[in-house]
Amino acid sequence: MAATARLPITPYFSASKLGWIMEHIPEAAALAGAGHLRLGTTDAFLRDRLTGRFETDVATASRTSLMNLQTGEWDADLCALFGVPIACLPRISDCSGELGEVDGLPLVAALVDQQAALFGHGVTGPGQTKFTFGTGAFAQTLVGPDCPPLAHGVLPTVAWREAGEDTQFALDGGIHTASSAVDWARGLGLFSDYSDLQDFDGHALSRGLAFVPALAGLACPHWDNSAKGTWLGLTLTTNQQDMMQALLEGIAYRAADVCGAMEQILALNGALLVDGGMTQNPWFCQLLANVLQRKVSVAQMPDITAFGAASMAARYCGVALPVAPAKSNYAPQAGFIPDHARFAAACALAKSWP
C-alpha cells in the first residue's frame with residue numbers, strides 16, 4: 001500500500017502508468033528534462049486545453065496514488081517512489097470555485113465521476129452510500145471531515161472539497177467487472193437481449209451454481225489481481241439461463257462483499273442508493289436488496305454523475321438543484337436467505353487458480 005495515499009499498489013491507479021511512461025518512453029524523460037512535459041489525468045488535459053490552466057481537482061488527485069490524503073498535495077516521496085517528476089503534475093484545486101473560463105463562460109466545478117455520483121444522489125450525512133453499476137461497479141460511503149483509516153480492504157478517498165469548505169472524505173470500494181461481464185457473456189452467445197435477464201426462478205447459488213466476476217481480478221476488499229473469473233457447479237443440465245442467473249448473482253454478492261467491508265469501518269445509513277445501466281433491470285435491483293438484506297433506492301436519473309457535477313456548479317453559483325426522487329425502491333423479500341459463506345468459498349477458489 002502507498003501509505004500516505006492509502007491506495008494499494010496496482011496498475012488500476014495512475015501512478016504506476018505515469019511511472020511506466022517515464023521509464024519506457026525516452027521522449028518523455030527528455031521533455032521532462034527540458035521542462036516541457038505535463039503528466040496527469042484526463043481532466044487535467046481537458047482543463048488545460050479548455051481554460052489554459054493545468055489543474056486537477058483534489059478528489060481526482062486522491063485517486064492517483066501520488067497525493068497525500070491528509071494534506072491534499074502531491075507527495076514528494078510517492079512521486080519519487082513511482083518515478084514521476086512532481087514538477088510535471090498539475091496544480092491541485094478545490095472541486096468548486098473560480099476554475100477558469102471556457103470561451104468566456106466560467107468553469108466553477110470539476111469532480112471525478114464516482115464522487116460526482118455520490119454528490120448527485122444528494123448524500124449529506126455520514127454512512128449514506130451509493131453504488132454505481134456500470135462497466136465496473138463502485139460504491140462510496142460519505143464519512144465527513146475526518147480522514148478514515150485504511151482497513152478491511154476499503155480505500156479512503158477524498159469525496160470533495162468545495163470552495164472555502166473543509167475536505168469531505170469517503171470510503172471507496174469497487175468491482176472491476178459488472179456490466180462488462182454481462183456484455184462479455186452476451187458476446188459468448190449466452191443471451192441475445194437484455195430483456196432476457198429480467199426473469200429467473202429461485203436462486204442459482206442455492207442450486208450449487210456460482211459465478212465469481214473476477215474477469216479482471218478481484219478488487220475491494222480482496223485486491224487480488226491474479227484471481228480469475230470462475231463458474232462453479234456446472235453440470236450437463238446447466239443451461240444458458242442458469243449461467244446468466246449465476247453471473248448476475250455473482251455481481252450482487254460482490255456488491256455485498258464491498259458493503260460488508262465498509263460496514264466494518266462505518267455503519268451504513270439508510271437505503272443503498274444505486275445508479276448505472278444495470279439498475280434498469282428490476283430483477284437485478286430486487287436481487288441486490290435480497291443479497292444485501294438492505295433497502296435499495298434506484299436513481300430516477302441515469303446520468304447521475306453529470307447531474308452531480310452540475311449540482312456542485314449550481315451550488316457554487318447560489319442555485320440549489322432539487323434532488324430527484326427515486327425511480328423505484330426495493331426491500332428484501334421475506335424468506336430469502338443469502339448464502340455469503342458459499343460465495344466466499346467460490347471467491348477463494350477463484351483466487352487459488354494459477
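Data block above holds the structure.
What am I meant to see in the pattern of salt bridges here?
Close approach of charged atoms allows side chains with opposite charge to pair. Applying the stated criterion across every chain, the model contains eleven salt bridges. Here Glu 162 makes a salt bridge to Arg 315, at a shortest N to O gap of 2.4 Å. With a gap of 153 residues between them, Glu 162 in the loop between strand S9 (155-160) and strand S10 (168-175) and Arg 315 in helix H10 (residues 304-316) connect regions that are remote in the sequence. Exposure remark for Glu 162: the relative accessible area of 12% places this residue in the buried category. We classify Arg 315 as partly exposed; its relative accessible area is 47%.

Help me understand the nonpolar core in this model?
Note on soluble globular proteins: their nonpolar side chains tend to be buried together. The biggest cluster of nonpolar side chains holds 66 residues, and the ones touching the most others in it are Phe 131, Phe 133, Leu 247, Leu 248, Phe 284 and Leu 288. For this core, the leading source of residues is helix H8 (residues 240-263), giving 14 residues. Those residues within four positions of Leu 248 in sequence are excluded, and the remaining contacts are Val 182, Leu 197, Phe 200, Met 278, Asn 281, Trp 283, Phe 284 and Leu 287. With 40 residues, the next largest nonpolar core counts Leu 39, Cys 95, Val 123 and Trp 160 among its residues.

I tried to follow the packing of helix H7 (residues 179-187) against H8 on my own but got confused; where do I start?
How two helices pack is summed up by the angle between their axes together with the distance between the axes. At their nearest, the axes of H7 and H8 sit 10 Å apart, and the two run at 165° to each other. Between H7 and H8, the angle falls in the class roughly antiparallel. Of the two elements, H7 crosses H8, and the hand of that crossing is right-handed. Each of Ala 181, Val 182, Trp 184 and Ala 185 in H7 lies in contact with H8, whose residues at this interface are Met 244, Leu 247, Leu 248 and Ile 251. Taken together, the residues of the contact of H7 with H8 break down into eight nonpolar, no polar and no charged.

Where do I start with H7 in this structure?
In an α-helix, one turn spans 3.6 residues, which is why side chains three or four residues apart end up on the same side. Within the sequence span of H7, burial applies to Ser 179, Ala 181, Val 182 and Ala 185. Along the axis of H7, the buried positions cluster into a sector of 155°, meaning they face one direction only. Tucked into the core, H7 has its buried residues touching H8. Within two residues after H7, Gly 189 carries a phi angle of roughly 90°, on the positive side.

I keep staring at helix H3 (residues 42-51) and nothing clicks. Help me out?
Listed in full, the buried residues belonging to H3 are Asp 43, Ala 44, Arg 47, Asp 48 and Thr 51. In a view along the axis of H3, the buried residues occupy a sector of 135°, so they form one face of it. Facing away from the buried side of H3 by over 90 degrees, the exposed positions are Thr 42, Arg 49 and Leu 50. The elements touched by buried residues of H3 are strand S1 (55-57), helix H4 (58-61), strand S4 (91-93) and strand S5 (101-102). Looking one or two places after H3, you find Gly 52, whose phi comes out positive at around 80°.

In this structure, what is going on with the packing of aromatic side chains? I would like to understand it.
Two descriptors summarise a pair of aromatic rings, namely the distance from one centre to the other and the angle between the planes of the rings. In the structure shown here, the tally under the stated rule is eleven aromatic pairs. Ring centres of Tyr 12 and Phe 13 lie 5.2 Å apart, and the angle between their planes is 85°; this geometry places the pair in the edge-to-face category. Overall, the relative accessible area of 38% leaves Tyr 12 in the partly exposed class. Judged by relative accessible area, Phe 13 falls into the buried class, the value being 3%. An angle of 55° between the planes, with centres 5.6 Å apart, marks the rings of Phe 191 and Tyr 194 as tilted.

Could you clarify how one ought to interpret unusual backbone geometry in this entry?
If a residue is not glycine, its phi is most likely negative; likewise, a peptide bond is most likely trans. Here the residue pair Cys 220 and Pro 221 is connected by a cis peptide bond, since its omega of -5° sits within 30 degrees of zero. Even without being glycine, Asp 103 reaches a positive phi, approximately 55°. Its place among the elements puts Asp 103 in the loop between S5 and strand S6 (105-106). Positive phi values are uncommon outside glycine, yet Gln 293 reaches one of about 50°. Of note, Gln 293 is situated in the loop between helix H9 (282-292) and strand S14 (296-299).

Got a minute to help me understand the sheet that holds S10 in this structure?
Strand pairing in a sheet takes place through backbone hydrogen bonds and is either antiparallel or parallel in direction. Pairing in this open sheet of seven strands is mixed, and the strands run S9-S10-S8-S7-S13-S14-S15 from one edge to the other. The open sheet has two edge strands with one neighbour each: S9 and strand S15 (326-330). Strand after strand, the sheet turns through a mean of 30° between neighbouring axes, direction not considered. Two elements, strand S7 (residues 129-133) and strand S13 (residues 272-275), share three bridges in a ladder whose sense is parallel. From the neighbouring strand, Lys 130 faces S13, where its bridge partner is Leu 273. On the sheet, helix H6 (residues 113-120) packs against S7, strand S8 (137-144), S9, S10 and S13 and is oriented at approximately 60° with respect to S9. Strands S7, S8, S10 and S13 of the sheet are contacted by H8, whose axis makes an angle of about 150° with S10.

Definitions and limits used
- Residues numbered from 1 in each chain as written.
- Predicted model: local features only at pLDDT ≥ 70, side-chain atom pairs only at ≥ 80, totals over all residues.
- Heavy atoms only, no water.
- Salt bridge = Lys/Arg side-chain N within 4 Å of Asp/Glu carboxyl O.
- Helix = DSSP H or I, 4+ residues; strand = E, 2+ residues; numbered from the N terminus.
- Buried < 20%, exposed > 50% of the residue type's maximum accessible area, 1.4 Å probe, protein only.
- Core = buried A, V, L, I, M, F, W, Y, C linked by side-chain atoms within 4.5 Å.
- Contact = heavy atoms within 4.5 Å.
- Axes fitted to C-alpha atoms, helices over the stretch in contact; angles between N-to-C directions.
- Parallel < 35°, antiparallel > 145°, perpendicular 65-115°, else oblique.
- Left-handed = near helix turned anticlockwise from the far one by under 90°.
- Nonpolar A, V, L, I, M, F, W, Y, C, P; charged D, E, K, R; others polar.
- Arc of directions from axis to C-beta.
- Phe/Tyr/Trp six-rings, centres within 6.5 Å; stacked < 30°, edge-to-face > 60°.
- Pairing = 2+ DSSP bridges.

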